[in-house]
Amino acid sequence: MKGSISASEVHRQYSDGIAAFRGQIADGTLRAQMSQEVDPFMRTCALGLWARDGQAITPRHVEYYNAIYTKGGAVPSILYWELSTAVTDYPGFCPPVFFQRMRQNDCETGGSLSRDFIDLMVLMLLLFAAVDNVVSEQEAGFVNACADALGALCGADGLAPDKMPLKAEEFVSKPVPQTEQAEPSSEPEQSVEELLAELDALCGLEKVKADVKSLINLVRVRKLRQEHALPVPPMSLHLVFMGNPGTGKTTVARLLAKIYHAIGVLSKGQLVEVDRSGLVAGFVGQTAIKTSEAVGKALGGVLFIDEAYALTNVDSPNDFGKEAIEVLLKAMEDHRDDFIVIVAGYTALMDDFVHANPGLESRFNKYFYFDDYTAEQMYEIFCSMCDKNGYVLAPEAEDCVKKQLRTRYDNRDENFGNAREVRNLFEHVVARQADRIAAMEAPDKETLMTFTSADMQEKPQGSAAPAGISGLSGA
């Protein structure tokens, strides 16, 4: 987070603070015991601090936790889901064992090590609270409660403080007055009816459209039952989109995210699209951070994972795709009320993906099948691209387009791109028309808009297609 202390700085400040305090301990046995036990104690305190924060664990929490060690101590290497579980399972504050010996030492020598340690602990916990650049009242309350627990032990031993103890509330972040209104969304929110009309306007996909509408009806009725305090059976809204490339999977996922938002299932309704490279890194622990960042962007909306099978099809026990899946499964559980995952890819490969992990099987039980477009539907998409970009087909060009699309459809193989095939043809025709018109002295508007049969010829190799053409896209 911008403005937060880096993890390396946290480590430096923590290590320096502990080392400086350790240097004050004259008793060698106490010094050795404190050195051995202080890091695990402080890390446990961090778990309790973050449990009180009320915010989801982020990659920065992982970095901070792994920075809590001193020279010669064990260096932690906790992973994202391990930290999330540890925070959830925080056992409660427990004074460190060495603190009893520290109090005994003070009673015998008249020193103030135990009271000074309480101040050190307060400073260290405030350092850990800086993970989000804010010290909240809840965090300060937890820090003070820990300090009071240790202070009570000192008081029971008759160790009176020689100065006012450090209080965490002095470091609570004050809210900044809002002087500006948040910028309104650039896109006006659409109604469910408008979004469904947009879905209906998509070419083909009749089975998918019916499945989407059935799912929406199911969700709506569930919400109505909840509003009337009626029981609702468990239901997973995570989806599997199965089909070849270019069949509109991304387009449907984006519409579905907006529809879920419109009916109150999702708080934001954005679509975040990733593939394996957007989730998996090359080092232990880094994949969890990368995946959790993608999850964070998608909270309140839909995380769309294209070619999701690539997370499980690597025949290596050390493949980090498994780490990404573990993070995803935990996020789907922790944020099940405001986070949906849609995985997509080839039909056969996606079936293998879902059955590769019991956790995936239990969460993905709704499948949408995207059939290849027919030659007639491909022609319809081509005409739609023409209309959107200000082009028209001359009568003789219509037959040429139909013939070319029919040929591509009849000769399709596993690399067939569906709507992408149409886009490729469209861009080819645009480039050929540009070559033809560039030779004219003063072409009129109709000429600039019209595709002729001459524009359907093969484009010479090496020619570049023009940029900036809009049309149907989506996996």
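Quick note: structure is the one above.
Residues numbered from 1 in each chain as written. Predicted model: local features only at pLDDT ≥ 70, side-chain atom pairs only at ≥ 80, totals over all residues. Heavy atoms only, no water.

### Description of the overall build of the chain
- The secondary structure content of the chain amounts to 18 helices and 7 strands.
- A total of 475 residues make up the chain; the buried ones form 47% of that total.
- Contacts in the chain between residues at least 24 apart in sequence constitute 76% of all its contacts with a sequence separation of at least 6.
- Accessible surface for the chain amounts to roughly 24000 Å². Of this, 51% is attributable to carbon and sulfur atoms. (Helix = DSSP H or I, 4+ residues; strand = E, 2+ residues; numbered from the N terminus. Buried < 20%, exposed > 50% of the residue type's maximum accessible area, 1.4 Å probe, protein only. Contact = heavy atoms within 4.5 Å. Areas by Shrake-Rupley, 256 points an atom, 1.4 Å probe, with all protein chains shown as cover.)

### Examining the side chain of Thr452
- As for its position among the elements, Thr452 is in the segment after strand E7 (450-451).
- By relative accessible area, which is 18% here, Thr452 ends up buried.
- Once residues within four sequence positions are removed from consideration, Thr452 is found in contact with Ala394, Glu396, Ala397 and Arg436.

### Remarks on the pairing of strand E5 (residues 367-370)
- Going residue by residue along E5, you find Phe368 and Phe370 tucked away on one face and Tyr367 and Tyr369 left uncovered on the opposite face.
- Sheet analysis places strand E1 (residues 239-243) next to E5, joined by 4 bridges and oriented parallel. Looking at the pairing, Met242 lines up with Tyr369 of E5. (Pairing = 2+ DSSP bridges.)

### Examining the packing of aromatic side chains
- Tallied over the full model, the rule gives 16 aromatic pairs.
- Taking the centre distance of 6.1 Å and the plane angle of 40° together, the rings of Phe41 and Phe117 count as tilted. Here Phe41 is found in helix H2 (residues 28-53), whereas its partner Phe117 is found in helix H6 (residues 113-129), with 76 residues between them in sequence. Judged on exposure class, the residue Phe41 and its partner Phe117 are both buried.
- Counting every residue linked through ring pairs, the aromatic cluster contains Phe21, Phe41, Phe93, Phe98, Phe99 and Phe117.
- Above the face of the Tyr409 ring, Arg412 is positioned so that its terminal group lies 3.9 Å from the ring centre. (Phe/Tyr/Trp six-rings, centres within 6.5 Å; stacked < 30°, edge-to-face > 60°. Lys NZ or Arg CZ within 6 Å of the ring centre and 35° of its normal.)

### Here's the deal with the pairing of E1
- The element E1 is extensively covered by neighbouring structure, given that 5 of its 5 residues are classed as buried.
- Every second residue of E1 is oriented toward a common face, with Leu239, Phe241 and Gly243 on one face and Val240 and Met242 on the other, all of them buried.
- Where E1 and strand E4 (residues 340-345) come together, 4 bridges link them in parallel fashion. Looking at the pairing, Phe241 lines up with Ala344 of E4.

### Side note on helix H9 (residues 206-227)
- End to end, H9 covers 32 Å across 22 residues, agreeing with the expected 32 Å (1.5 Å per residue, within 8%).
- For H9, the complete set of buried residues consists of Val208, Lys209, Asp211, Val212, Leu215, Ile216, Val219 and Arg222. Taken down its axis, H9 places every buried residue within 165° of arc, on the same side. In H9, the exposed residues that point more than 90 degrees away from the buried face are Glu206 and Lys207.
- Contacts from the buried residues of H9 go to helix H8 (192-200), E1, helix H10 (249-262) and E5.
- Of the residues flanking the end of H9, it is Ala229, one or two places downstream, whose phi is positive at about 60°. (Expected span 1.5 Å × (residues − 1). Arc of directions from axis to C-beta.)

### Some points on unusual backbone geometry
- Not every positive phi belongs to a glycine, and Glu307 is a case in point at roughly 50°.
- As for its position among the elements, Glu307 is in the loop between strand E3 (302-306) and helix H12 (321-334).
- Note on Glu307: relative accessible area 40%, which makes it partly exposed.
- For Asn418, which is not glycine, the phi dihedral falls at a positive 55°.
- Owing to a relative accessible area of 0%, Asn418 belongs among the buried residues under this scheme.

### Details of the pattern of salt bridges
- Tallying each qualifying case throughout the model produces 17 salt bridges.
- The salt bridge involving Arg406 is made with Asp410; its shortest N-O contact spans 3.4 Å. With Arg406 and Asp410 both in helix H16 (residues 395-410) and 4 residues apart, the pair spans about one turn of that helix.
- Here Asp435 makes a salt bridge to Arg432, at a shortest N to O gap of 3.9 Å. On the criterion of helical spacing, the pair formed by Asp435 and Arg432 is a turn pair, its members being 3 residues apart in helix H17 (residues 419-438).
- For Asp435, a relative accessible area of 42% corresponds to the partly exposed category.
- With a relative accessible area of 15%, Arg432 lands in the buried category.
- One network of salt bridges, in which partners are shared, links Glu9, Arg12 and Asp16. (Salt bridge = Lys/Arg side-chain N within 4 Å of Asp/Glu carboxyl O.)

### Concerning the nonpolar core
- Core analysis: the biggest nonpolar cluster contains 57 residues, and Phe241, Val252, Tyr260, Ile342, Phe382, Leu393 and Phe451 have the highest contact counts within it.
- For Tyr260, the residues in contact, after removing those within four places along its chain, are Leu215, Val219, Leu237, Val265, Leu266 and Ile340.
- By size, the runner-up hydrophobic cluster in this structure holds 56 residues, among which are Ala7, Leu125, Ala140 and Cys146. (Core = buried A, V, L, I, M, F, W, Y, C linked by side-chain atoms within 4.5 Å.)

### Side note on H10
- Helix length check: H10 (14 residues) gives 20 Å between terminal C-alpha atoms against 20 Å at 1.5 Å per residue, within 8%.
- Counting buried residues in H10 gives 10 out of 14 residues, a clear majority hidden from the surface.
- The set of residues buried in H10 consists of Lys249, Thr250, Thr251, Val252, Ala253, Leu255, Leu256, Ala257, Ile259 and Tyr260.

### Here we look at empty space enclosed by the protein
- Enumeration over the complete set of coordinates arrives at 2 cavities of 30 Å³ or more.
- Roughly 40 Å³ of internal volume is contained in the second largest cavity.
- Lining the second largest cavity are Ile305, Ile325, Leu328, Leu329, Met332, Val343, Phe353, Leu360 and Phe364.
- Top element by residues in the lining of the second largest cavity is H12. It accounts for 4 residues. (1 Å grid on protein atoms, 1.4 Å probe; cavity = no way out; pocket = protein on both sides within 12 Å on 5 of 7 lines; lining within 4 Å. Points joined across faces, edges and corners; volume = space filled by probe spheres on them.)

### What about the sheet that holds E4?
- Taken together, the 5 strands give an open sheet; going across it, the order is E2-E3-E4-E1-E5, and neighbouring strands pair in parallel fashion. This sheet does not close on itself; its edge strands, each paired only once, are strand E2 (271-274) and E5. Averaged over neighbouring strand pairs, the angle between their axes works out to 20° when direction is ignored.
- Relative to E3, E2 runs parallel, the two sharing 4 bridges. Each bridged residue has a counterpart across the sheet, and for Glu273 the counterpart in E3 is Phe304.
- Lying over the sheet, H9 contacts E1 and E5, oriented at roughly 160° with respect to E5. (Axes fitted to C-alpha atoms, helices over the stretch in contact; angles between N-to-C directions.)

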